[in-house]
Amino acid sequence: MKNIVGTIENETIEAENLNSHLGEKIKIHGSIYKIRKMSGFAFILLRTKRKVVQCIYSREYSVFELEDLSEECCVTVTAQVIPEERSKTGFELQLLDMEILSKPVQQIPIVINNKRVDTSLENLLNFRPVTLRNERERAIFLLQEGITLGIREFLKQENFTEIHSPKIVHAGAEGGANIFRFDYFGKEAYLAQSPQFYKQMMVGVYERVFEIAPVFRAEKHDTSRHLNEYTSVDFEMGYIRNFEDIMEMETGMLRHVMEVLKAGYEEERGILNVKLPYIKEIPAIKFMEAKELISKKFNRPIADYDDFEPEEEKLLSQLIKEETGSDFVFVTHYPSRKRPFYAMDSEENQEVTESFDLLFKGLEITTGGQRIHSYQEQLNKMRSRGMNTDLFESYLMMHKYGMPPHGGLGLGLERFTGRLLDQDNVRLSSLFPRDLNRVTP
């Protein structure tokens, strides 16, 4: 019998630790990213899990044949770590020996080892399992990792509890036609449009909760800003004074995210040429005030009194950037008829809600606000909209048995990442995008 004790004895070292092994002989594993043959020697770039390391092959000290190698071979190499001031890492690896663990059986049809993958968006996504190996493409999702790390760190510091809500539901939180229906053992069920109902319920349990998970929208929008499955960052908090508490919490969260990216993701920021926005405070403007400001400044008639047109979001962000220097702006008090049934109407004006959107560089990335916590108020609003309250029995249970004033938000992770990187298509910040036409790879 063999006992498994839970420890792995690594013969190889991590690329991040090579600086502490200068002058030593080490073993390291990775994939051959690029081979540049020169006269009598070759530069070989080794792609490890987070870094690309420059190696040198030479007949003077390498005991294997260069011709045995091809790009995308998975290898374990024995090498000497040599100080090299001309290298951006401060060292290079002299390749002594190499064990080939696997070889590709076919050449990749797209060049992935240049600074950028020079191909169409369609090809970039069709060959996603290999185009993601490109150093720049990888950096996008390492930076996205940093965003979620910063979010989790901040919310845990603020005493939020992380939850995991079901994605198969019997009713849609947002309602409408943009919901995926499917047969669930002879019954009709849906894919969750958001964790809205569940995070509200959990406020009654933990007071402050958050979740980072996929949500599904059956929207027939084939645009650069829409996905049918995306990652939603949701939090909900109880015992709030008003909906501005939620905006304050998000401002602090985004500030902490930028601090995390600044402190720990210098290499990725360099590869992607990212300039992190400075967040001291975020301006807020009421929805109709924003509409009228855009109309006046750009001589643009107001066509939609319920929501922003995409061009209006860009124009408002442009104005706010010019006037305040902020890349972000909160838009508050959206019309009640535009917001879901659980949004709290304003006491001063029942036609608008205690809600907000957050725009970042011309694109909405967050929707949030205060929820109705009174059982009777929630019933009244649902009935005024002609909703069958019997279908929402489990949701209304929390109201019936007491809920504190509460509210929260949902932030689209891919949109946030895309705006941070000034990308022109949200699919570029999704590992494997799902849209109207794409369910593979």
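As the structure is a computational prediction, the values presented were derived from the model and not from experiment. (Residues numbered from 1 in each chain as written. Predicted model: local features only at pLDDT ≥ 70, side-chain atom pairs only at ≥ 80, totals over all residues. Heavy atoms only, no water.)

Trainee: Any details on the sheet that holds strand E15 (residues 363-370)? Residues and values, ideally.
Mentor: One open sheet accounts for eight strands, arranged E6-E10-E11-E16-E15-E14-E13-E12; its pairing is mixed. Two strands lie at the open edges of the sheet, namely strand E6 (161-162) and strand E12 (284-286), each paired on one side alone. Relative to strand E16 (residues 406-412), strand E11 (residues 229-238) runs antiparallel, the two being bridged by seven bridges. Considered in E16, the bridge of Val233 is made with Leu411. Here helix H8 (residues 310-324) sits on the sheet in contact with E12, strand E13 (328-332), strand E14 (355-360) and E15, set at roughly 120 degrees to E13. (Pairing = 2+ DSSP bridges. Helix = DSSP H or I, 4+ residues; strand = E, 2+ residues; numbered from the N terminus. Contact = heavy atoms within 4.5 Å. Axes fitted to C-alpha atoms, helices over the stretch in contact; angles between N-to-C directions.)

Trainee: I'd love a proper account of helix H11 (residues 413-420), names of residues and values included.
Mentor: A large share of H11 lies buried, amounting to eight of its eight residues. All of the buried residues in H11 are Leu413, Glu414, Arg415, Phe416, Thr417, Gly418, Arg419 and Leu420. Directly after H11, the chain includes Asp422, whose backbone phi takes a positive value near 55 degrees. (Buried < 20%, exposed > 50% of the residue type's maximum accessible area, 1.4 Å probe, protein only.)

Trainee: Account for helix H3 (residues 135-157), naming residues and giving values.
Mentor: When the terminal C-alpha atoms of H3 are compared, their 33 Å separation across 23 residues agrees well with the 33 Å that a helix rising 1.5 Å per residue should span. Positive phi shows up at Asn159, right after H3, with a value of about 65 degrees. (Expected span 1.5 Å × (residues − 1).)

Trainee: Outline the packing of H3 against H11, supporting the account with residue identities and numerical values.
Mentor: Where H3 contacts H11, the axes come no closer than 11 Å and their chain directions differ by 115 degrees. Our pair here, H3 against H11, has a crossing hand that is right-handed. Residues Ile140, Leu143, Gln144, Ile147 and Thr148 of H3 lie in contact with H11, whose contacting residues are Leu413, Glu414, Phe416, Thr417 and Leu420. Residue composition of the contact of H3 with H11, by class: six nonpolar, three polar and one charged. (Left-handed = near helix turned anticlockwise from the far one by under 90°. Nonpolar A, V, L, I, M, F, W, Y, C, P; charged D, E, K, R; others polar.)

Trainee: How would you summarise the environment of Val203 if you had to cite specific residues and measurements?
Mentor: Among the structural elements, Val203 can be located in helix H4 (residues 196-206). The exposure class assigned to Val203 is buried, which follows from its relative accessible area of 3%. Considering only alpha carbons, one finds Val203 and His406, 203 residues apart in sequence, at a separation of 7.7 Å. Discounting chain neighbours no more than four positions away, the residues touching Val203 are Glu236, Met237, Gly238, Met403, Pro404 and His406.

Trainee: Could you give me a rundown of the nonpolar core, with the residues and numbers involved?
Mentor: Formed by 43 residues in total, the largest nonpolar core has its most connected members in Phe235, Phe328 and Phe416. Only H3, strand E10 (208-216), E11, helix H5 (244-264), E13, E14, E16 and H11 provide two or more residues apiece to this core. Of all the elements, H5 adds the most residues to this core, at nine residues. Those residues within four positions of Phe416 in sequence are excluded, and the remaining contacts are Ile147, Leu254, Val257, Met258, Phe328, Phe360, Ile365 and Leu411. Judged by nonpolar contacts, the second largest core, of 25 residues, contains Ile28, Ile32, Ile44 and Ala79. (Core = buried A, V, L, I, M, F, W, Y, C linked by side-chain atoms within 4.5 Å.)

Trainee: Let's hear about the side chain of Ser165: which residues, and what values?
Mentor: Here Ser165 is to be found in the loop between E6 and strand E7 (168-169). A distance of 3.0 Å separates polar atoms of two side chains, one belonging to Ser165 and the other to Lys167. For Ser165, the side chain forms a polar contact with the side chain of Glu211, separated by 2.7 Å. Setting aside residues no more than four positions away along its own chain, Ser165 makes contact with Pro195, Tyr198 and Glu211. (Polar contact = N/O pair within 3.5 Å; in protein donor to acceptor, adjacent residues only side chain to side chain.)

Trainee: Explain unusual backbone geometry residue by residue, including any values.
Mentor: Following Thr440, the chain continues to Pro441 via a peptide bond in cis, the omega torsion being -5 degrees. Here Pro441 lies in the segment after H11. Phi at Glu72 takes a positive value of approximately 80 degrees, unusual for a residue other than glycine. Among the structural elements, Glu72 can be located in the loop between strand E3 (52-58) and strand E4 (74-83). Under the relative-accessibility criterion, Glu72 is labelled buried at 9%. Positive phi is not limited to glycine here, since Tyr239 has a value of about 60 degrees. Note on placement: Tyr239 falls in the loop between E11 and H5.

Note that every value here comes from positions in space, so none of it alone points to a role or purpose.
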